[in-house]
Amino acid sequence: MRIGIPKETYAGEKRVATTPEVATKLIKLGYSVAIEQGAGAGADLSDEAYQAVGVEILPDAASLWASADIVLKVRGPAAEGPNEVALLREGGTLASFLWPAQNPALLEGLAARKGTVLAMDSVPRISRAQKADALSSMANIAGYRAIIEAAQNFGRFFTGQVTAAGKVPPAKVFIIGAGVAGLAAIGAANGLGAIVRATDTRPEVGDQIKSLGAEFVPVEYVEEGTGVGGYAKVMSEGYLRAQGEMIAKQCKEVDVVVTTALIPGKPAPRLITAEMVASMQPGSVIVDLAAEQGGNCELTVPGQVVERHGVRIVGYTDLPSRMARQSSQLYATNLLRLLEEMTPGKDGQLVVNMDDEMIRGATVIKDGAITWPPPPPTLSAAPKAAPKAAAAPVEPPKPKLSAATKSLLVLGIGGLALAWLGSVAPPAFMAHLMVFVLACFVGYMVIWNVTPALHTPLMSVTNAISSIIAIGAILQISAPGALMTLLGGAALILTTINMTGGFWVTQRMLRMFRRSE
């Protein structure tokens, strides 16, 4: 079968659905690949680079659509201007972002072509489908780019500095929503040195926020916000009021706000009102990643940067396209992984297996029949409880000694043992035994009452110092009797190893904290 890659017609779209590197792997799957002339130019990919790996270059969109069995695109087919819906071969296959919930008319038009359509935005968010999850790939880039755009429009450093000319405080960044885009934004902002705060309706995301070095700002309202497929759900009125109060407070304190809140199939929730914007410091920045779906900020203008109440509101809808080469590579890889699943024979023949949960979720039209929405993803069943065994006869519990009784018993036995030892041992031995016991007690208290983080360096130094035993061993070597000489020699060897190892470990620990030249 033949795969065709047309040039994107959406205004400002620079991405392309495959790259030369990925095209090589598509050819290894048994497909032939053709691309429209200049399709990769926006992503800095020349026609020559495609030709070098065996991709055919076609002069125009009409010839490409007419010859392709499978068309791979980034944006959904345009129904106006160059009518790409009409260009799709009858019975052909299309894979692209489609947003079927928001575009029912487009879905109907494609179904009339009697083909099969795969929506990359409908790939289910299950573990096995992560490799084809184009939404996450693009959200990752959008989150990173949002911070770059915020830094571009912000009039100060993100990081704090202390200079001869004065002290510059770090910027404060507040990120609403900690999905893929939000987490990418947290990482980028933290890397630039800003003080980062973030919130999310899903409480389990708090640990992820903290792991990236940001502060988790919870909503003071108890309600579970986890929805189906890893998305957040629509929250109650009470929760939304509490959330609004929290966001209003943060807007007054921070310099940059990044919003990422989206609910599949619905307009973006309005989280930042005009009053909140007016309360922000002049020169602050809002980056609205939900601008294409209506925006999380009431004053967002999709596709533009506007200034309201002294605050710049960035409403770009093409953030992934602003990093076109990287976006194209990731998106092309997502398409490749999906086609790998649909080409079981590696023979260039596409198989749409509707029993496969990943393929079924992405397929919105099958042979002209609309199959969207897909059934909800199945959850793994809980393991069956093991059958209960017959109850064993209950034995009466045996009486247990209390801790105080055990201590008195141990002290009593120890006292009797010492009394017996004192009656048979010479006085000099008892004096040495007392010193040994006291030394063990003092050593235990010195070492184990220290913070555990310091145990390794402290114990290495202590072991080295305690190797003074070597002096006693040297003295015992010259004592009369072969047994004492052997024991003294063995003690000397062991304490030498202990002393050398102690200093070696200490030096190794210290080198970890030294700045390399």
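In the block above lies the structure referred to throughout.
All of the points below concern the structure found in this document. (Residues numbered from 1 in each chain as written. Predicted model: local features only at pLDDT ≥ 70, side-chain atom pairs only at ≥ 80, totals over all residues. Heavy atoms only, no water.)

1. A closer look at the pairing of strand 16 (residues 363-366)
The test is simple: Two strands form a pair only when DSSP identifies at least two bridges running between them. Secondary structure follows DSSP: runs of H or I at least 4 residues long count as helices, runs of E at least 2 residues long count as strands, and numbering of each begins at the N terminus.
In the sheet, strand 6 (residues 116-119) pairs with strand 16 via 2 bridges, with the strands oriented antiparallel. Bridging from a neighbouring strand, Leu118 pairs with Thr363 of strand 16. Here strand 16 pairs with strand 17 (residues 369-370) via 2 bridges, running antiparallel. The residue bridging Lys366 from the neighbouring strand is Ala369, located in strand 17. Linkage of strand 16 to strand 17, two consecutive antiparallel strands, is achieved through a turn of 2 residues, within which Asp367 is found at a positive phi near 55°.

2. Details of the packing of helix 16 (residues 469-477) against helix 17 (residues 482-511)
Using the following cut-off: In this analysis, axes come from line fits to C-alpha atoms, helices being fitted only over the stretch in contact, and the angle between any two N-to-C directions falls in the range 0 to 180 degrees. Comment on the angle field: the value is read as roughly parallel under 35 degrees, roughly antiparallel over 145, roughly perpendicular from 65 to 115, and oblique elsewhere. Definitions for this section: a left-handed crossing has its near helix turned counterclockwise from the far helix by less than a right angle. A right-handed crossing has that turn clockwise. The contact rule is simple, with two residues in contact once any of their heavy atoms fall within 4.5 Å. Three classes are used, and their members are as follows: Ala, Val, Leu, Ile, Met, Phe, Trp, Tyr, Cys and Pro are nonpolar, Asp, Glu, Lys and Arg are charged, and the others, Gly among them, are polar.
Contact pair helix 16 / helix 17: the axes reach a minimum separation of 8 Å and the direction vectors enclose 155°. In terms of orientation, helix 16 and helix 17 fall into the roughly antiparallel class. The way helix 16 lies across helix 17 gives a crossing that is left-handed. Side by side, helix 16 and helix 17 meet where Ile469, Ala470, Ala473, Ile474, Gln476 and Ile477 of the first sit next to Met484, Thr485, Gly488, Gly489, Ala491, Leu492 and Thr495 of the second. Its residues placed into classes, the contact of helix 16 with helix 17 shows 8 nonpolar, 5 polar and no charged.

3. A closer look at helix 5 (residues 104-111)
Our working definition: Three exposure classes are used, based on accessible area relative to the maximum for each residue type with a 1.4 Å probe and protein chains only: buried under 20%, partly exposed in between, and exposed over 50%. Comment: arc refers to directions from the helix axis out to C-beta atoms.
Among all positions in helix 5, only Leu106, Leu107, Leu110 and Ala111 are buried. Within helix 5, the buried residues cover an arc of 135° as seen down the axis, which keeps them to one side. Across from the buried face of helix 5, at angles greater than 90 degrees, the exposed residues are Pro104, Ala105 and Glu108. Contact partners of the buried residues in helix 5: helix 4 (84-87), strand 5 (93-96), strand 6, strand 16 and strand 17.

4. Some words on the sheet that holds strand 17
In space, the 8 strands of this open sheet follow the order 3-2-1-4-5-6-16-17, with mixed pairing throughout. Edge positions in the open sheet fall to strand 3 (56-58) and strand 17, since each of these has one partner strand only. On the sheet, helix 11 (residues 324-341) packs against strand 1 (2-5), strand 4 (70-72), strand 5 and strand 6 and is oriented at approximately 140° with respect to strand 5.

5. What to know about the pairing of strand 15 (residues 311-314)
With 3 bridges connecting them, strand 13 (residues 285-288) and strand 15 associate as parallel partners. Within strand 15, the residue paired with Ile286 across the bridge is Ile313. Two successive antiparallel strands, strand 14 (residues 305-308) and strand 15, enclose a turn made up of 2 residues, where His309 displays a positive phi of approximately 55°.

6. Some thoughts on the packing of aromatic side chains
Applicable threshold: Two aromatic rings, drawn from Phe, Tyr or Trp (for Trp, its six-membered ring), form a pair once their centres lie within 6.5 Å of each other, and the interplanar angle then sorts them: stacked below 30 degrees, edge-to-face above 60, tilted otherwise. A ring is scored as having a charge over it whenever the NZ atom of a lysine or the CZ atom of an arginine sits within 6 Å of its centre and within 35 degrees of its normal.
Here the structure, examined in full by the defined rule, presents 4 aromatic pairs. With a centroid separation of 5.9 Å and an interplanar angle of 80°, the aromatic rings of Phe154 and Phe158 are classed as edge-to-face. A centroid spacing of 6.1 Å and a plane angle of 85° characterise the contact between Tyr221 and Tyr239, whose relative ring orientation is edge-to-face. Of this pair, Tyr221 sits in the loop between strand 11 (215-216) and helix 9 (237-253) while Tyr239 sits in helix 9; the two residues are 18 residues apart in sequence, bridging distant segments of the chain. Overall, the relative accessible area of 2% leaves Tyr239 in the buried class. By way of ring pairs, the aromatic residues Phe97, Trp99 and Tyr331 are connected into one cluster. When the ring centre of Tyr10 is taken as reference, the NZ or CZ atom of Arg75 above it lies at 4.0 Å. For Arg322, the ring lying beneath its charged end belongs to Tyr316, and the centroid distance is 3.6 Å.

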